[in-house]
Amino acid sequence: YKLTTRDMGPVTRCVGPDVPPAQPFQYPLPPTPPGSDLANFTEVAEAVRDAIVTPNEEVLPVDDYDGKKTYGPLFVRLAWQCSATFRVTDYQGGCDGARIRFSPEKDWPINVALDRALLLLKPVKEKFGKGLSWADLIVIAGTVALEEAGALPMKFCGGRTDASDGLGSQYLKNRITGANSDTMAVLDDVIKLLGLTKRQFVSLMGGGHSLGRMHMDRSGYNGSWSLDPTIISNGYFKHLLTETWQNVTLSTGKQQFKAKDKDVFMLKTDLMIKWDAELMAAAQEFASNNTLFLEEFRQAWTQVVHADRFDGPAGNLCQEE
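Each chain carries its own residue numbering, running from 1 in the direction its sequence is written. With pLDDT at 70 or above as the cut-off, local features in this predicted model cover only qualifying residues; side-chain atom pairs require 80 or more to be listed or tallied, and sums for whole chains, interfaces and linings still use all residues. Side-chain calculation: all heavy atoms of the structure are included, whereas hydrogens and water are not.

Participant: Please set out the sheet that holds strand S5 (residues 245-249) residue by residue, giving values where relevant.
Facilitator: Pairing between strands is defined by DSSP: at least two bridges between them are needed. The numbering of helices and of strands both runs from the N terminus, where a helix is a DSSP run of H or I of at least 4 residues and a strand a run of E of at least 2. The sheet built from 3 strands is open, its strands ordered S5-S6-S7 with antiparallel pairing. Two strands lie at the open edges of the sheet, namely S5 and strand S7 (265-266), each paired on one side alone. With 5 bridges joining them, S5 and strand S6 (residues 255-259) adopt antiparallel strand pairing. Counted as the bridge partner of Val248 is Gln256 from S6.

In structure tokens, the structure reads:
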């Protein structure tokens, strides 16, 4: 049974009267509570909005962008890193289970400081108790933060549950880091594993990198990708395509790229968009049409955070009727 079904993902993708109980190799999650026992997600979203703008210096100093203090980009990063582990090849990964709370995911260098993002959200989790899973809260936090930054309204589909350990992540790994060792071949593979088109991936890159900044003490990189890191817009693509990028070596020994005469920065992964015809074509479209970019981003983000909400072999619990 294991040999013939281990690439099927969770038992929720299996159908029929002969399906055995969930096996350890399927990393089963608790069942979703009845709808009446779930938190009011509208109220959760309001609590998250408060958490985004409420400094908690003991946990993590809040980023201040010309007087606008926000944890929003951090919450977006948390939701992305939690969800982007999904693989269409064997249906492992994704944010259902919230395994980013445990090793090995929490220890990945790319996830540094996300444990503190969880601490910032802990009061919200405690307020709503068992009716709110960490998995749902992480996705809500990222989605609300995006909407607060100007993204189009996005559907939230609740009912995720939490794993009790990180075993379901033991064969997962993050393969794109922004370092100079990243390659186009690996990037292409990552896009395929996520089940995304190149156009969708470009929109997600532009959306995520519109917001926030890199922190030397976390990633070893420094600076923002845009002039206003609190707003999601196609400005990221305009900078990417029109600026002259100079390679700089930081005190950490890492290399990144700085726009000539501007305090705007990119990583090698960003510039790789310009090295592939299909990625480049999408970036050019988004640079010329912000409305188009925001709509494409909304669809791609929703797909990624809902990818692991299985309903039989081909269905999705969050699929529009």
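From this point, the discussion proceeds with the structure in view.
Participant: I'd like a description of the pattern of salt bridges, backed by residues and values.
Facilitator: Opposite charge on two side chains permits pairing when their charged atoms draw close. Salt-bridge detection follows one rule: a side-chain nitrogen of Lys or Arg within 4 Å of a carboxyl oxygen of Asp or Glu. Across all of its chains, the model carries 14 salt bridges by this definition. The salt bridge partner of Arg49 is Glu46, with a shortest N-O separation of 2.7 Å. Taken together, the residues span about one helical turn, with Arg49 and Glu46 both in helix H2 (residues 41-53) at a distance of 3 residues. Glu46 gets classed as partly exposed once you look at its relative accessible area, which sits at 44%. A salt bridge links Asp63 to Arg213, with the shortest nitrogen-to-oxygen separation between them at 3.3 Å. In this pair, Asp63 is assigned in strand S1 (residues 63-65) and Arg213 in strand S3 (residues 213-214), connecting sequence segments 150 residues apart. Each member of the salt-bridge network shares a partner with another, and the members are Glu46, Arg49 and Glu148. Burial classes follow relative accessibility: with a 1.4 Å probe on protein chains only, a residue under 20% of its type's maximum area counts as buried, one over 50% as exposed, and anything between as partly exposed.

Participant: Account for the environment of Pro20, with residues named and values stated.
Facilitator: Structurally, the position occupied by Pro20 is in the loop between helix H1 (2-5) and H2. Residue class for Pro20 comes out partly exposed when judged on its relative accessible area of 27%. Once the C-alpha coordinates of Pro20 and Gly67 are considered, the two residues, 47 residues apart in sequence, prove to be 57 Å apart. In this structure, Pro20 is in contact with Tyr1 and Val11, ignoring residues within four places of it in sequence. The criterion used for residue contact is that any of the two residues' heavy atoms lie within 4.5 Å.

Participant: So what about the packing of H2 against helix H4 (residues 114-128)? Which residues, and what values?
Facilitator: Orientation of H2 relative to H4, taken along the N-to-C sense of each, is 155°, at an axis distance of 10 Å. By the criterion of interaxial angle, the relationship of H2 to H4 is roughly antiparallel. Here H2 and H4 pass one another in a crossing that is right-handed. Where H2 abuts H4, its residues Glu43, Val44, Ala47, Val48 and Ala51 lie against Leu120, Val124 and Phe128. Polar here means any residue outside two lists: the nonpolar Ala, Val, Leu, Ile, Met, Phe, Trp, Tyr, Cys and Pro, and the charged Asp, Glu, Lys and Arg; Gly therefore counts as polar. Tallied by class, the residues present in the contact of H2 with H4 amount to 7 nonpolar, no polar and 1 charged. Lines are fitted to the C-alpha atoms to define the axes, a helix being fitted only along its stretch in contact, and any angle between axes, read from their N-to-C directions, falls within 0 to 180 degrees. Roughly parallel refers to an angle under 35 degrees, roughly antiparallel to one over 145, roughly perpendicular to one between 65 and 115, and oblique to any angle outside these ranges. Two helices cross in a left-handed way if the nearer one is turned anticlockwise from the farther one by less than a right angle. They cross in a right-handed way if the turn is clockwise.

Participant: How would you summarise the state of the cysteines if you had to cite specific residues and measurements?
Facilitator: Defined simply, a disulfide is a covalent bond joining two cysteines at their sulfur atoms. The criterion for a disulfide is a pair of cysteine sulfur atoms lying within 2.5 Å. If you walk through the whole model with that rule in mind, you get 2 disulfides. The partner cysteine of Cys82 in its disulfide is Cys95, sulfur to sulfur 2.0 Å. With the S-S dihedral at roughly 90°, the linkage between Cys82 and Cys95 falls on the right-handed side. Of this pair, Cys82 sits in helix H3 (residues 72-83) while Cys95 sits in the loop between H3 and H4, and the two are 13 residues apart along the sequence. Given a relative accessible area of 1%, Cys82 falls into the buried group.

Participant: Explain helix H11 (residues 290-306) residue by residue, including any values.
Facilitator: What a helix should span is 1.5 Å times the count of its residues minus one. Look at H11: 24 Å from first C-alpha to last across 17 residues, which is about the 24 Å you get at 1.5 Å a residue. Buried within H11 are the following residues: Phe293, Leu294, Glu296, Phe297, Ala300, Trp301, Thr302, Val304, Val305 and His306.

Participant: Run through the side chain of Asp96, naming residues and quoting values.
Facilitator: One can find Asp96 in the loop between H3 and H4. In this structure Asp96 is buried but unpaired, with Arg309 as the nearest side chain of opposite charge at 4.1 Å. Of the polar contacts made by the side chain of Asp96, one reaches the backbone nitrogen of Thr161; its length is 3.1 Å. Sequence-distant contacts of Asp96, that is, excluding residues within four places in its chain, are made with Leu29, Ala135, Arg160, Thr161, Asp308 and Arg309. Within this scheme the basic residues Lys and Arg register as positive and the acidic residues Asp and Glu register as negative, but His and the chain ends are omitted. Think of a polar contact as two N or O atoms within 3.5 Å of one another; within protein, one of them needs to be a possible hydrogen donor and the other a possible acceptor, and neighboring residues in sequence only count if both atoms come from side chains.

Participant: Tell me about unusual backbone geometry, and name the residues and values.
Facilitator: With an omega of 5°, the peptide bond running from Ser103 to Pro104 counts as cis. Inspection of the secondary structure puts Pro104 in the loop between H3 and H4. One non-glycine residue, Tyr91, lies in the positive phi region at around 60°. Looking at where Tyr91 falls in the secondary structure, it is placed in the loop between H3 and H4. Located in the positive-phi region is Asp261, a residue other than glycine, with phi close to 70°.

Participant: How would you summarise the packing of helix H10 (residues 277-288) against H11 if you had to cite specific residues and measurements?
Facilitator: At their nearest, the axes of H10 and H11 sit 5 Å apart, and the two run at 120° to each other. Here H10 lies oblique to H11, going by the angle between them. Along the contact surface, H10 presents Glu285, Phe286 and Ser288, while H11 presents Asn290, Leu292, Phe293 and Glu296. Partitioning the contact of H10 with H11 into residue classes produces 3 nonpolar, 2 polar and 2 charged.

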